[in-house]
Amino acid sequence: MRLLFAVLISLLSLFYFLPFAIAFNRKRANSGAIFALNLFLGWSLIGWVVALVWALKEEQIL
């Protein structure tokens, strides 16, 4: 039972920080800000979706 709980918590944590993982993998310049948004507002569905959209949005270089 403890192993199942540990696996479940690990999977939920990975899913929770999915926007940051995407931003980090794509080498976004503002991945730190995406992490902060995901950490502090990711618990609300709106904050998580905003972080995900921000991580997936293409960066425009001027």
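Here is what the cut-offs are and how they apply
Residues numbered from 1 in each chain as written. Predicted model: local features only at pLDDT ≥ 70, side-chain atom pairs only at ≥ 80, totals over all residues. Heavy atoms only, no water. Helix = DSSP H or I, 4+ residues; strand = E, 2+ residues; numbered from the N terminus. Buried < 20%, exposed > 50% of the residue type's maximum accessible area, 1.4 Å probe, protein only. Contact = heavy atoms within 4.5 Å. Expected span 1.5 Å × (residues − 1).

**Q** Now, about the side chain of S31: what can you tell me, with residues and values included?
**A** Among the structural elements, S31 can be located in helix α3 (residues 31-41). Given a relative accessible area of 15%, S31 falls into the buried group. When neighbours within four sequence positions are excluded, S31 is seen to be in contact with F20, A23 and F24.

**Q** Tell me about helix α4 (residues 45-56), residues and numbers included.
**A** Taking 1.5 Å of rise per residue, the 12 residues of α4 would be expected to cover 16 Å, and the 17 Å separating its terminal C-alpha atoms lies within 8% of that figure. Packing partners of the buried residues in α4 comprise α1 (2-16), α2 (18-25) and α3.

In short, the description is geometric, and any link to function would need to be established separately.
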